[in-house]
Amino acid sequence: MIRSIDLKWKVYWLLALTNVVGFVLFLCGFFPSKVVLPGTNTFLQQDLNYKSPFLSVDGKPQFEKLILMVVDAMRADFCFSEESNFKFLHELINEGHAIPFTAFSNPPTVTLPRLKGITTGGTPSFLDAILNVADDYDDSQGLHAQDSWVHQFKQLNKNINFFGDDTWLKLFPREFSEYEGTNSFFVSDFTEVDSNVTRHLDHQLSSDSKWDGLILHYLGLDHIGHKGGPHSTFMKPKQAEMDSILKRLYKYTEKNQDTLIVLMGDHGMNEVGNHGGSSSGETSAALTFVSPKFNNQNVKAPLPISSDYTYYDRLFQIDLVPTLASLFGFPIPKNSLGVITRKIIELWPEKQRRNIILENCFQIMSLYEAKNGPTGSIWKTWESLRNGSYLVDEYYSFLDGVQSDLASSATNYNYSYIYLGAGMVLLTALITTAISNLYFLSVREIAKYSVISFEVFALVYSIHFHGSSLIEEEHQIWYFATSLATLAYGTFYFKVYESGSKFKWFLTLLLSSRLLKAWNNSGQKWFSDGNIANYLFRYNHDLLWFLIALTYGALAAAICLQGNLNWLFEALKTRRAPTLSIEAALVNICVFVAISISFSFKLVSYFVDGNIPPGVFKLILLWVLESQDVNTDNLDIEDIDVKFQLQHISVQLARYTTMATAGALVLVLICRRIQKRNSGTITDIANIIALYLIHQTRHANIPIFLVLLVAKLALAKLVYSTSTNEKKFVIDNHIVSITFLMLCFQNLTFFSMGNTNSLATVDLSNSYNGVQTYDVFLVGLLTFISNFAGPIFWSLASLQLIFEPGVTSFRGASPTDLTSYPRLKYRIVLTKSLLSLLFYTISATNLVVSCINLRFHLFVWTVFSPKLLFFASWLILINMVIDLIGAGILISL
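Definitions and cut-offs
- Residues numbered from 1 in each chain as written.
- Predicted model: local features only at pLDDT ≥ 70, side-chain atom pairs only at ≥ 80, totals over all residues.
- Heavy atoms only, no water.
- Domains from an automatic or database assignment.
- Buried < 20%, exposed > 50% of the residue type's maximum accessible area, 1.4 Å probe, protein only.
- Helix = DSSP H or I, 4+ residues; strand = E, 2+ residues; numbered from the N terminus.
- Pairing = 2+ DSSP bridges.
- Salt bridge = Lys/Arg side-chain N within 4 Å of Asp/Glu carboxyl O.
- Axes fitted to C-alpha atoms, helices over the stretch in contact; angles between N-to-C directions.
- Contact = heavy atoms within 4.5 Å.
- pLDDT = per-residue confidence, 0-100.
- Parallel < 35°, antiparallel > 145°, perpendicular 65-115°, else oblique.
- Nonpolar A, V, L, I, M, F, W, Y, C, P; charged D, E, K, R; others polar.

1. Observations regarding the domain arrangement of the chain
Part 1 of the argument: Each assigned domain of the chain is listed here: domain 1 (65-129 + 141-347) and domain 2 (443-820).
Part 2 of the argument: If you average the C-alpha positions of domain 1 and of domain 2, the two centres end up 42 Å apart.

In structure tokens, the structure reads:
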């Protein structure tokens, strides 16, 4: 065995970095940039001499001008159901001037890939979902080199003006004559983000404005969904606002009847208000063609609520592209997989419809030939159909089949990167397993069953990556693993049957894990209102705020009594007059300020989101607002000036909380240096960081931290009792048991906070706390903290339980606390990190093998690909940054 600690660390770092580099290489090969056909399309029917088959008998297109109104995340029921507030749209549908559809949005259902889909007609690359979060990405991701209806529209010498989500400006940096972009990621803003678009309408709809295309992309409805969900109190007023804008646009078309309005959502949202996945709510977007020229008979609105969000005829959202081409008389973009909508083709005389749909066939088959060559059963069918002698319905049936085939065709994987990355991951797993066994199984005192059970668990757990349903319901695995590990270690290691006190804390730990499981919906297959978070947030605000206050109070007690007021316990033991240092007093003051401001921030943000705190908490809110010079006599949350004032206050309170928390951390370190003692430092820092984790957590999940604090206390009591009562305390057994339990509780807590392996459950509601303007790094950091608050909590707790179980269990510094042995601290962290690396290398190996094996699986983009991204977050951000680098910094302080 290697005896030099420095050499051991070098070997560890080599293995850890090889594992990370291998996994990243695999991702690069698995998520390549999509290959598209270059150039601009032309009309393909030879017998038409490249003239448009879409023109009317008089040689003109159906429409000359286009208004595209995109309402971000506008789910179909927001427009068409009985609960919709689009009253004017309903009138248009009933009068026949609007043709409504439910448009299927191909996942991933985030803005960037959806905009690519509705402009080029192509299906998205999963890489687009990753690029969607970047503020500025490589110019190669733009569509200036790819055919689109925007480009074809410009080819007709038409001007396009744009206002709204600045993603359009990144996709089309040179296509718009007049434009103003608004950043789409600042989800705290429901109002200004839309007012910035609407304020341009007076000029754009006047006779002075010269445009042929007008694109408006509104973001407020999407932001409301992220903050408060589809049932937010702001949702119906926002729908009414969008409906009023549609009314203004329609009045313009009554005077300019050659103008077409397309009202649509780029995607929908799920029942939590997020999107990115493939649930019916996320993929069912509204789409309506509006014009006074339409006379669509026998269609009524609104419709009864549909459980699958399907209203009227259903089409693919990419069908918009060839439909616009037909209505405006330009060639269908080269990479389009769309099919001209049946109801739209009825605008032409029956004798002209065959040439129109045949042009769609020529275009899509040129794409098929470029990708597959003139082979296969589809090509044979096309050879008989291309003469144009068949019925329109037969061409539609053929197009549906080709569209399905091309949309599901394999991505151009980079197999060199895939196999190189997989090989590096596998090699790391084998070497790590060998080194772990050589070390742990060679030490006599180590409980061999504990090490072997850890390895068996890592292998059995990683096998679940080969099943899509198991990935979707992974939370069940972690609840079972946590319960089983708690029972096993309680029986064999902690020996809880030896005393009533131990057994009491053991039952507390089991009850805590059961409460965690019941807190949120954690799977992707079923959604239920029957969970604790939903009950508290929707039905019992009094209990919710009582628990929030109790959580803040419990943490305040932990911060004071476990670390900074440890002097009080020493004074009671020695019966000497207690002396509180100035440094410790300043720490406690700073902590009190941070907790007070954070609690005030939570009250204000709760009110800004359209909710009123109950009872005494409302009085506290009013006091906070009055202290910020807000007139509370006639407080109208819908008033735009009041809303801006409240948002400004919210930003300032979040910033003050961050500064006070940082100040408390600095003062703790200064205090420890002055007092020249290390005991309690890890606990103090972990508790203060826990305060910030609570600050970054949505309201319904804050009481989870009360459960976590109790669970940590129960574990600390068991660990302390075991370490002090064992005749021969074996540090390695101690490390293995805590590392195993921490992995279980990290993952259980992650899922219990409402997270899943779907991009749709990435919570953005706290990603802008204290952020005035969008910053990709800062927002990304806050998003990570808010979504991984539970795992970060347990990562810090593991260090407390290993090094300071006496302090953590409110017993004060103990001789068995490993902070008493500073020479061992780096060896202890190395042993703990080696166990974690063993788990992550085995898991990474099985995950990459499953993705290689199932790369053509139906759910490769909806289940396996998101899991790859989440696992990358666990591997790099949690294991490397938090568990390893963070732990190293913390024990060095």
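2. Re the pairing of strand β3 (residues 160-165)
Part 1 of the argument: Burial analysis of β3 places six of its six residues in the buried class, which makes it a mostly covered element.
Part 2 of the argument: Bridge analysis of β3 against strand β5 (residues 213-218) gives five bridges, and the strand direction is parallel. Pairing of N161 across the sheet is with L214, part of β5.
Part 3 of the argument: Where β3 and strand β4 (residues 179-182) come together, four bridges link them in parallel fashion. Bridge pairing in β4 links F162 to Y179.

3. Comments concerning the pattern of salt bridges
Part 1 of the argument: Counted by the stated rule, this structure contains twelve salt bridges.
Part 2 of the argument: Between K238 and E241 there is a salt bridge; the shortest N-O distance is 2.9 Å. You can see K238 and its partner E241 sitting in helix α11 (residues 235-255), three residues apart, about one turn around the helix.
Part 3 of the argument: The partner of R342 in a salt bridge is D393, and the shortest N-O contact between them spans 3.0 Å. In this pair, R342 is assigned in helix α14 (residues 342-345) and D393 in helix α17 (residues 392-407), connecting sequence segments 51 residues apart.

4. What about the sheet that holds β3?
Part 1 of the argument: One open sheet holds the eight strands; their spatial order is β4-β3-β5-β1-β6-β7-β2-β8, and the pairing between them is mixed. Where the open sheet ends on each side, the last strands, each with one partner, are β4 and β8 (313-316). Neighbour-to-neighbour, the strand axes of the sheet open up by a mean angle of 20°, direction not taken into account.
Part 2 of the argument: Along the sheet, α11 contacts β1 (65-71), β5, β6 (259-264) and β7 (284-290); its crossing angle with β1, the most-contacted strand, is approximately 175°.

5. Examining the environment of L781
Part 1 of the argument: The residue L781 is located in helix α32 (residues 776-787) in this model.
Part 2 of the argument: You can call L781 partly exposed: its relative accessible area is 35%.
Part 3 of the argument: Once the C-alpha coordinates of L781 and N733 are considered, the two residues, 48 residues apart in sequence, prove to be 35 Å apart.

6. Describing the confidence of the model for the chain
Part 1 of the argument: Per-chain confidence: the chain averages 86 in pLDDT, with 90% of residues scoring 70 or above.
Part 2 of the argument: Mean pLDDT values over the elements of the chain span from 49, in helix α25 (residues 566-574), up to 96, in β6.
Part 3 of the argument: Scored below 50 in pLDDT, residues 135-140 shows twelve contacts in the model against residues more than four places distant or in partner chains.

7. Some points on the environment of C744
Part 1 of the argument: Of note, C744 is situated in helix α31 (residues 731-752).
Part 2 of the argument: Residues C744 and I261, 483 residues apart in the sequence, show an inter-C-alpha distance of 53 Å.
Part 3 of the argument: Apart from residues lying up to four places away in sequence, C744 is in contact with W478, A481, T482 and A485.

8. Thoughts on the environment of K517
Part 1 of the argument: Its place among the elements puts K517 in helix α22 (residues 500-517).
Part 2 of the argument: In sequence terms K517 and T40 are 477 residues apart; their C-alpha atoms lie 54 Å from each other.
Part 3 of the argument: Excluding residues that lie within four positions of it along the chain, K517 makes contacts with Q476 and Y479.

9. Focus on the packing of helix α21 (residues 474-492) against α22
Part 1 of the argument: For the pair α21 and α22, interaxial distance at closest approach is 11 Å and the crossing angle is 180°. Relative to α22, the element α21 lies roughly antiparallel. Seen from α21, the contacting residues are Q476, Y479, T482, S483, T486, L487 and G490; seen from α22, they are F506, L509, L510, S513, R514 and K517.
Part 2 of the argument: Class assignment of the residues belonging to the contact of α21 with α22 gives a composition of five nonpolar, six polar and two charged.

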